[in-house]
Amino acid sequence: MSVRVILLSTTKLKKTYRLGRVDVPVLRSLDLRVAQGEWVAVLGKSGSGKSTLLHLLGGLDRPDRNGGTILFRDEEVTGVGARRLNRYRNRDVGFVFQFYHLLPELTVLENTLIGAMVRGRLSTDRKRRAHELLELFELNDRLKHRPRELSGGERQRVAIARSLINDPPLLLADEPTGNLDQQTGESILDVLSDLHARGQTIVMVTHDEAVATRADRSVHLADGRIA
Amino acid sequence: MYASLLTRRYLTRRVMPLLASMAVMLCTAMIIIIWSVMTGWLGLVTDAGRTFLGDVSIYPPQTQGMPHYETLCDELAALPEIEAAAPQLETFGLLSFPTGQLQPVQVVGIDPVRYHAVTGYADALFWVPPDPPMDAQMRSLVRSAEQLLEDAQSSAYAVFGREGTDAQRTADLWRSQVVEREREAAEKFTQAARRADELGMTHDKFDVVEMFRDRADAAERAGRLAERIDLRDPPDWAMFEKLDDAIEEALRIDYRVGLTEATRRAGESLSLRIGDERVPAMVMGIEVSRYNKLQRDGSYIPRLPILGETVTLGILPVDKQGGTMTPDRRQIRVANEFRSQVYEADTRRVFVPLAWLQKLMHFHEANRSAADDTHPEAVWTDGVPRVFDLPEIVATDPARITTILVKAAPGTQADVLRDLVAAHYARFAQTHDEMPNPAFVHVMTWRQQVGPLISAIQTQRTLMLTMFIFISFTAVFLVFAIFWSIVSEKVKDIGILRAIGASRAGVAWIFLRYGLTIGVIGSIAGAILATIFVRNINELHEFVGQATGMYIWTAEVYQFARIPGEVDVVEACAVMAGGILFSIFGALLPAVKAASLDPVQALRFE
Ligand SMILES: Nc1ncnc2c1ncn2[C@@H]1O[C@H](COP(=O)(O)OP(=O)(O)OP(=O)(O)O)[C@@H](O)[C@H]1O
Ligand SMILES: [Mg+2]
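Residues numbered from 1 in each chain as written. Chains lettered and ligands numbered in written order. Predicted model: local features only at pLDDT ≥ 70, side-chain atom pairs only at ≥ 80, totals over all residues. Heavy atoms only, no water.

**Student:** Is there a simple way to think about the interface of chain B and chain A in this case?
**Tutor:** Interface size is commonly expressed as the accessible area that is lost once the parts come together. The interface is formed by 23 residues belonging to chain B together with 26 residues belonging to chain A. Both faces combined, the contact of chain B with chain A buries some 2300 Å², and carbon together with sulfur accounts for 64% of it. Together, B:Met1, B:Arg9 and B:Ile500 form the three largest contributors to the area buried by chain B at its contact with chain A, with a combined 24%. At the boundary of chain B with chain A, the tally comes to two salt bridges. Across the salt bridge formed by A:Glu105 and B:Lys490, the nearest N and O atoms sit 2.8 Å from each other. One can count four residue pairs in polar contact (both at pLDDT 80 or more) joining chain B with chain A. At the level of elements, helix H1 (2–12), helix H14 (491–499) and helix H19 (599–604) of chain B are the ones that each hand at least two residues to the side of chain B that touches chain A. (Contact = heavy atoms within 4.5 Å. Buried area = accessible area lost by both parts, 1.4 Å probe. Salt bridge = Lys/Arg side-chain N within 4 Å of Asp/Glu carboxyl O. Polar contact = N/O pair within 3.5 Å; in protein donor to acceptor, adjacent residues only side chain to side chain. Helix = DSSP H or I, 4+ residues; strand = E, 2+ residues; numbered from the N terminus.)

Set out below in structure tokens:
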């Protein structure tokens, strides 16, 4: 067996929401390790805190005070400043949402490129990468279309292309098939599987056992912990 | 990079930003229009206020007046910084019209030609003789006469003083090409004069018949000179020059054109021809007599004819000590009226010949007797007055005036000129008798004199602008409201952008840029709109007036028939910058709101 390099790990991760005067603990002391090149599925009931976990991993939200740590490679994501966090979101992780979340005014190509634009000047390198990704996802004839002109599956493929534009080491997907019918969902999973085969590390959240079977490994989130 | 893309897309895909741009446009246009019109008005008033003022004026104490003014004026006019200087005598009087109407007036005695040189007075004269309408016959007569004279002139140059040619041939050429042509030209001018006489083109101040007679005379004189000139060697160049002058005169006498006409009009403005003599006459402000009715377009139509009318001017002469003397009154005819667009002048001022007013005011040159309290005693014997004890004349009191108006030479600043004139006066007063003490003599620039009026309008302009800038805050609120709603609508987009790594500043920049773009578009459109509006403001005003019967700008109120206004580039740029700033200001808070959104919350936003 080869040496497994840990790309991402959490230790004693805690996240509590405050609703009025009531504290609602969602994650309590969650430990998770994701190796380089691994595809991990996080399973759990609705409301178990899967999205919350993914937001923390993606640097979109911060854990509680003294709420544990998230290590990306050897860097503590939970402790960095705003600038580094923006960079982390932009280059180190790619995010795919259940509801696609494309920018409605932009075309398919522009949506794909937006992450590279946020990063800085658009290089021909990035443009080539965008075309490459869109071709890979069979969208190369829809470049000038706007999101509302696409089907759900197509939209999700654009969203995946967008998340990969800066070649992030880690792809986070929150119920990527949750809003799609069975067949379309399968095609999205094929895409992820394809990416995984090329070495992409993926953390995918789902409540569907069948979907989780496509991953290397599934973990169950219950009661704020990995069971 | 992404900010510009998103700004562009947000702009082109919505109606809202269009509305915001329009609000900015209207506010920008409004302020530029107000500013332009107010500034234009200020310019008109300033120019008008200058009408009867010198660039610099010298005011001695009024009762005392100033002697030796002719010398002083000549000295001043000789300075390189000064173009012209003119004396003026001023007093108050009571004017009574044949209608029984009485009008208090400011009486100003002037030497019209010099006064015109300083103030351009002739341009204010209202009733101008129309360009003489020549009929076809006259026109062709004048044209052929002029052609003949020009041909004669060039032939004269070609033939005269030619050496080594046959003397007989030269004489023949001279006769046919110079002398004959000049005679013929004289004949044509005489015919033109006759025709003008037939048509009754004899105006009191512009006599066409006389003009053509003068030209005929000059041509005739040229013919006589040409006939007498010796064509043999050595050439008589002095004589030839006289001939050339005569031809020039015949060609150029034309009172209709150029400066000569204005000066001539000025010179003749204060006299009327009655029979064979010219008598002193008055020029009064267009509103003094109330004989004329002001039209809405700024023109006047006479209700009663005022020109040629005899009025009576009464004044109260004041002696040097300020004591009043016996009131005096004189009849005078009205020769013309003037319009300066300065309310005070147009309603109150009358011009009369300087010498005429000096007499009436006892400011003329007078002999002084030895003892002031001895009066000549006239005793009537057999109906004949016999005078005893005629006092000895010991001195002559020079004529006096109350103001000297000075016009600066081009390039001389009024302030500089004022100091120069004051200094010159101080020296002059030392070397001449009875000059008022320089300490009591005011030397003022025109700006100092019209200052109060101008500053009133300036204040009004500032007030208007301030008001409208406040009104323009509505644009800020509009931009604010529109942006607030756009940001609210775009919460999810903001969440997405933040999720893929956009910084808070980057997100804020999208909306600031958006505001900037709306400001730039709105301001430029506003400036264009304002320019079009101001350029056509009078036509628009007329159009709205005709449609609604409501005229905002009337000559009665504003003194000027046309609405003034010229868009000043610097002012327009300032307003545009303001518009842009306001738009950014309006976008500021929404941008801050967008930046402060938490990405997760933004993504969860429904
Ligand atoms: N901003 C918030 N304020 C308060 N409670 C919240 C907030 N966000 C999430 N929660 C609560 O935290 C819990 C976990 O939410 P989360 O969205 O992570 O669940 P999930 O596992 O992704 O569920 P689903 O499968 O339905 O998407 C839920 O009970 C939810 O009500
Ligand atoms: Mg969820």
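Moving on from the model shown.
**Student:** Just checking my understanding: could you explain the pattern of salt bridges for this structure?
**Tutor:** Think of it this way: side chains of opposite charge can pair up when their charged atoms draw near. The tally for this structure, following the rule as stated, stands at 32 salt bridges over all chains. The salt bridge involving A:Arg18 is made with A:Asp23; its shortest N-O contact spans 2.9 Å. Looking at A:Arg18, the relative accessible area reads 57%, which means it is exposed. Close ionic contact of B:Glu227 with B:Arg183 constitutes a salt bridge, the shortest N to O distance being 2.8 Å. In this pair, B:Glu227 is assigned in helix H7 (residues 208–228) and B:Arg183 in helix H6 (residues 167–198), connecting sequence segments 44 residues apart. Each of A:Asp125, A:Arg126, A:Arg128, A:Arg129, A:Glu132 and A:Asp167 takes part in one network of salt bridges that share partners. (Buried < 20%, exposed > 50% of the residue type's maximum accessible area, 1.4 Å probe, protein only.)

**Student:** Teacher, can you tell me more about the pairing of strand E8 (residues 310–315) of chain B here?
**Tutor:** Across a regular strand the side chains alternate sides, sitting on one face of the sheet and then on the other. Residues and elements named next belong to chain B. In terms of burial, E8 is largely enclosed, as five of its six residues are buried. Of the strand pairs in this sheet, strand E2 (residues 82–96) and E8 are connected by four bridges, and their pairing is antiparallel. Bridge pairing links Ser 96 to Thr 312 in E8. The pairing of E8 with strand E9 (residues 328–338) spans six bridges and is antiparallel. (Pairing = 2+ DSSP bridges.)

**Student:** Help me understand the environment of B:Leu272 in this model?
**Tutor:** Note on placement: B:Leu272 falls in strand E4 (residues 271–274). B:Leu272 sits 36 residues away from B:Gly308 along the chain, and the two C-alpha atoms are 8.0 Å apart.

**Student:** What should I look at first to understand the sheet that holds strand E8 (residues 201–206) of chain A in this one?
**Tutor:** By definition, the strands of a sheet pair up through backbone hydrogen bonds, in either a parallel or an antiparallel sense. Residue and element names in this part refer to chain A. On the basis of which strands lie adjacent, the open sheet formed by six strands has the order E6-E7-E8-E3-E9-E10 and mixed pairing. Single-partner strands in this sheet number two, and they are strand E6 (93–96) and strand E10 (225–226). Strand direction decides the pairing type here: strand E7 (residues 170–174) and E8, joined by five bridges, are parallel. Each bridged residue has a counterpart across the sheet, and for Leu 170 the counterpart in E8 is Thr 201. The strands touched by helix H5 (residues 152–163) within the sheet are E6 and E7, with E6 carrying the most contacts at an inclination of about 165°. (Axes fitted to C-alpha atoms, helices over the stretch in contact; angles between N-to-C directions.)

Taken by themselves, the reported measurements are silent on function.
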